[in-house]
Amino acid sequence: MLLVDRRQGAQTKPAQLPAAAAEPLPPPAPGNCTPELRRRIGWGVATAAYQVEGGWDEGGRSPSVWDVFAHKPGTTAGGATGDVACDMYHKYEEDFELMARLGIRHYRLSLSWSRLLPQGGAGTPVSPEGLAFYNRLIDAMLARGIEPYVTLYHWDLPQVLQDAYGGFLDGARFVPDFAYYAAAAFEAFGGRVKNWITFNEPWVVCKLHYGDGTFAPGIPFGLAGQYACGHTLLLAHAAAAALYARQYYKPSQRGRLGVALSMTWHEPGSASEADARAAQNARDSEIGWFADPLFGGDYPESLRRTVGAALPAFSDAERAAFAAHPLDFLGINFYTARYAFSDGTPWGFAPSETDAAGAPIGPRAQSSWLLVVPWAFRRLLLYVSGRYGGPEVFVTENGVSVPGEAGVADPAAAARDAFRTDFYRGYLDSLCTAVAEGANVTRYFAWSFMDNFEWRMGYTERFGIVAVNFTDPARPRTVKDSARYLAQHFFRAGA
Ligand code: PNW
């Protein structure tokens, strides 16, 4: 693996660089990402605990809902689990070494709740081994100049809490349990961790995990479950934010706290007023559901009209809590876009992968839901900036699964991921355009640092800029071309 910039040398003395044929030179930085702009933003990578750690029954960790779900036959592609995953539980030193070599100085990770608190709930003891593991991990990161951005909840609810009261379905019990867990994390790590994300993708947590039931715990609770979950999650976020701000944490630790929302851009299918409205309804249903209350408002009107009685109401005190503790930054996970057409109702929408003439919005990645639409990034960032008063934005995830990549057995061949490099080149150009036009993006995290357990799709969809060989017990890593591209133009160039 050759990580130095060989561009000069390759032009003058190609014969002395035998690796050049195997490792193509990265294409230039996207035109709109000027050196000045690339210097201004901190560029990093992201992962999540269950997707990379492994060590599922080590160090006193109790199972999360994803352990139990993945162990049930027929739930994941090929019966895959996160039992070992990338084995980062044992290999984190090597991974931080690799990050440092790539020039990565910002790393978004998540904590496994049940590793830190095996009994899950408020008042239960912190696991000494769980605590020691994350202490070592954070110290190893900091020793290499890598700044941690820690997500408290990336989908791995302790199974004990699901069993005891249905997890997010019982807000009165979940909120104090989450606040206790958050406090334990702030207390233990807040002296070194200055960036906190309460929840990853509330829309996925509540729609896929509790509404549709396609994700763990695998029980469809319908619209009532979905919106009860959303309500609980928002109140739990507010409780953690209040705690962080008011108690000693924020004043003494001087950190910042936000949330990471998944956002699909919905573009009107035509210039008609009905389609413009449909697109707004679509944005309300995913973005507005969480962002409108968090920015001091209430659930969007279109949501209230379509969901009806299944949508809970906030008390005045609850809404005041959101306003009193605004997000220090808004995390955005951005992957894809759809067209929205009118469904004939004033508050609904019909999403579509094709425009009115039948042209697809973009090429498909390996993931069936992921259509590659670089121009939508700019639209989304400017929309968020306009609607929510120009908040500071961290792009907490952005990335792609390459068609056919998981079937490539030779890691050296899998490292030739031109499709992914093109994805980053196009999406980052779009992001840089939005920033030049006023969007306040200060951090960007590629999803993902390495190939990992892609939830129901197991290891059949790869998002890593670093390859992991999952058939080898040692789980060796191989740097992909997309990582070299990002290293050269972004990681090494950024803030
Ligand atoms: C995100 N969708 O998930 C998650 O935060 C990551 O853990 C995950 O690995 C990554 O994106 C890639 O999938 C999503 O259906 C899952 O629109 C599903 C959707 C979007 C994001």
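For clarity, every value in this text was computed on a predicted model and none was experimentally measured.

Draft legend 1. Just the packing of helix H9 (residues 171-189) against helix H11 (residues 222-246), in detail. Packing of H9 against H11 leaves a shortest axis separation of 9 Å and a crossing angle of 35 degrees. Crossing handedness for the pair H9 and H11: right-handed. Where H9 approaches H11, its residues Gly 171, Phe 174, Val 175, Phe 178, Ala 179, Ala 182, Ala 183 and Phe 186 are matched on the opposing element by Thr 232, Leu 235, Ala 236, Ala 239, Ala 240, Leu 243 and Tyr 244.

Draft legend 2. Just the UniProt feature "active site" (unreviewed entry) in the protein, in detail. Following the UniProt record, the feature "active site" (unreviewed entry) maps to Glu 397 here. Note on Glu 397: relative accessible area 3%, which makes it buried. Ignoring any residue separated from it by four or fewer positions in sequence, one finds Glu 397 in contact with Arg 108, His 154, Asn 200, Glu 201, Ile 332, Asn 333, Phe 334, Tyr 335, Phe 445 and Trp 447. A distance of 3.0 Å separates the side chain of Glu 397 from the side chain of Arg 108, its partner in a polar contact.

Draft legend 3. A look at the confidence of the model for the protein. In this model, the protein carries an average pLDDT of 94, and 96% of its residues clear a pLDDT of 70 or more. A low-confidence stretch, residues 1-21 stays under pLDDT 50, and its non-local contacts, those more than four residues away or across chains, total 26 contacts.

Draft legend 4. Region of interest: the packing of aromatic side chains. Counted according to the given criterion, the structure contains 53 aromatic pairs. Each ring, one from Phe 174 and one from Phe 178, has its centre 6.0 Å from the other, and the planes form 10 degrees; the classification is stacked. Taken together, the residues span about one helical turn, with Phe 174 and Phe 178 both in helix H9 at a distance of 4 residues. Considered together, Phe 174 and Phe 178 belong to a single accessibility category, that of buried residues. Arg 277 extends its terminal NZ or CZ atom over the ring of Trp 347, reaching a point 4.7 Å from the ring centre. Sitting above the plane of the Tyr 383 ring, Arg 283 keeps its charged end 5.2 Å from the centroid.

Draft legend 5. Structural context of the packing of helix H16 (residues 375-387) against helix H18 (residues 418-436). Where H16 contacts H18, the axes come no closer than 7 Å and their chain directions differ by 30 degrees. Considering the angle they form, H16 stands roughly parallel to H18. Considering the relative orientation of H16 and H18, their crossing is right-handed. Residues Trp 375, Phe 377, Arg 378, Leu 381 and Leu 382 of H16 form the contact with H18, whose own contacting residues are Tyr 427, Ser 430, Leu 431, Thr 433 and Ala 434. Its residues assigned to classes, the contact of H16 with H18 comprises 7 nonpolar, 2 polar and 1 charged.

Draft legend 6. Structural context of the site of the ligand. Taken together, 13 residues surround the ligand, and among them Gln 51, His 154, Glu 397, Glu 454 and Trp 455 come closest. Within the contact set of the ligand, an oxygen atom lies 2.8 Å away from a side-chain nitrogen or oxygen of Gln 51. Note that an oxygen atom of the ligand is positioned 3.2 Å from one of the side-chain N or O atoms of Glu 201. With the chains in place, 90% of the 450 Å² that the ligand exposes on its own is no longer accessible. For the shell around the ligand, the class distribution of residues is 6 nonpolar, 4 polar and 3 charged.

Draft legend 7. Region of interest: the pattern of salt bridges. Applying the stated criterion to the full structure yields 24 salt bridges. One salt bridge in this structure joins Glu 267 and Arg 379, with 2.5 Å as the shortest N-O distance. Placement of the pair is Glu 267 in strand S5 (residues 256-268) and Arg 379 in helix H16, with a sequence separation of 112 residues. Classification of Glu 267 by relative accessible area gives buried; the value is 13%. Here Arg 484 and Asp 481 are joined by a salt bridge, their closest N and O atoms 3.0 Å apart. With Arg 484 and Asp 481 both in helix H19 (residues 481-491) and 3 residues apart, this pair spans about one turn of that helix. Ionic contacts of the salt-bridge type, sharing partners, join the residues Glu 405, Asp 417, Arg 420, Asp 451 and Lys 480 into one network.

Draft legend 8. Up close: the side chain of Glu 201. Among the secondary structure elements, Glu 201 is positioned in the loop between strand S4 (195-200) and helix H10 (202-211). Buried charge without a partner: Glu 201 forms no salt bridge, and the closest opposite charge is Arg 108, 6.9 Å away. Setting aside chain neighbours within four positions, we find Glu 201 in contact with Trp 155, Ala 260, Ser 262, Asn 333, Tyr 335 and Glu 397.

Draft legend 9. Quick look at H9. The end-to-end C-alpha separation of H9 is 26 Å, in line with the 27 Å expected for 19 residues at 1.5 Å each. The set of residues buried in H9 consists of Phe 174, Val 175, Asp 177, Phe 178, Ala 179, Tyr 181, Ala 182, Ala 183, Ala 184, Ala 185, Phe 186 and Phe 189.

Draft legend 10. Looking closely at the pairing of strand S8 (residues 393-397). The buried fraction of S8 amounts to 5 of the 5 residues, a majority that puts the element mostly inside the structure. Pairing of strand S6 (residues 329-341) with S8, which is carried by 4 bridges, proceeds in the parallel orientation. Across the sheet, the residue bridging to Ile 332 is Val 395, located in S8. Here S8 pairs with strand S9 (residues 441-447) via 3 bridges, running parallel. Its bridge partner being in S9, Phe 394 is matched across the sheet by Arg 443.

Draft legend 11. Spotlight on the state of the cysteines. Here the structure, examined in full by the defined rule, presents 2 disulfides. Each sulfur in the disulfide pair Cys 33 and Cys 432 lies 2.0 Å from the other. For the disulfide bridge between Cys 33 and Cys 432, the dihedral angle about the S-S bond is near 95 degrees, and by the sign convention the bridge is right-handed. Of this pair, Cys 33 sits in the loop between helix H1 (7-12) and helix H2 (35-40) while Cys 432 is found in helix H18, placing the two residues 399 residues apart along the sequence.

Draft legend 12. Summary view of helix H13 (residues 273-294). The largest bend in H13 amounts to roughly 65 degrees and is located at Gly 288. Most of H13 sits out of view: 17 of its 22 residues are buried. Directly after H13, the chain includes Gly 296, whose backbone phi takes a positive value near 95 degrees.

Draft legend 13. Representation of the nonpolar core. If you look at the biggest cluster of nonpolar residues, it comprises 152 residues, and the most contacted ones within it are Trp 66, Phe 96, Phe 168, Phe 178, Trp 196, Leu 431 and Tyr 444. Ranked by residue count, the leading element in this core is H11, at 10 residues. Not counting residues up to four positions away in its chain, the partners in contact with Tyr 444 are Ile 41, Gly 42, Trp 43, Gly 44, Phe 377, Val 395, Asn 398, Tyr 424, Leu 428 and Leu 431.

Draft legend 14. Focus on the environment of Tyr 89. With respect to the secondary-structure elements, Tyr 89 resides in helix H5 (residues 88-101). Expressed as a C-alpha distance, the spacing of Tyr 89 and Ala 276, which sit 187 residues apart in the sequence, is 47 Å. Not counting the four nearest positions on each side in its chain, Tyr 89 is found in contact with Glu 53, Gly 54, Gly 55, Glu 58, Gly 59, Arg 115 and Phe 133.

What counts, and at which threshold
- Residues numbered from 1 in each chain as written.
- Predicted model: local features only at pLDDT ≥ 70, side-chain atom pairs only at ≥ 80, totals over all residues.
- Heavy atoms only, no water.
- Axes fitted to C-alpha atoms, helices over the stretch in contact; angles between N-to-C directions.
- Helix = DSSP H or I, 4+ residues; strand = E, 2+ residues; numbered from the N terminus.
- Left-handed = near helix turned anticlockwise from the far one by under 90°.
- Contact = heavy atoms within 4.5 Å.
- UniProt positions renumbered as here; feature names shortened; annotations may be inferred.
- Buried < 20%, exposed > 50% of the residue type's maximum accessible area, 1.4 Å probe, protein only.
- Polar contact = N/O pair within 3.5 Å; in protein donor to acceptor, adjacent residues only side chain to side chain.
- pLDDT = per-residue confidence, 0-100.
- Phe/Tyr/Trp six-rings, centres within 6.5 Å; stacked < 30°, edge-to-face > 60°.
- Lys NZ or Arg CZ within 6 Å of the ring centre and 35° of its normal.
- Parallel < 35°, antiparallel > 145°, perpendicular 65-115°, else oblique.
- Nonpolar A, V, L, I, M, F, W, Y, C, P; charged D, E, K, R; others polar.
- Near = heavy atom within 4 Å.
- Areas by Shrake-Rupley, 256 points an atom, 1.4 Å probe, with all protein chains shown as cover.
- Salt bridge = Lys/Arg side-chain N within 4 Å of Asp/Glu carboxyl O.
- Lys, Arg positive; Asp, Glu negative; His and termini not counted.
- Expected span 1.5 Å × (residues − 1).
- Pairing = 2+ DSSP bridges.
- Disulfide = S-S within 2.5 Å.
- Bend = angle between axes of the 7 residues up to and from the residue.
- Core = buried A, V, L, I, M, F, W, Y, C linked by side-chain atoms within 4.5 Å.

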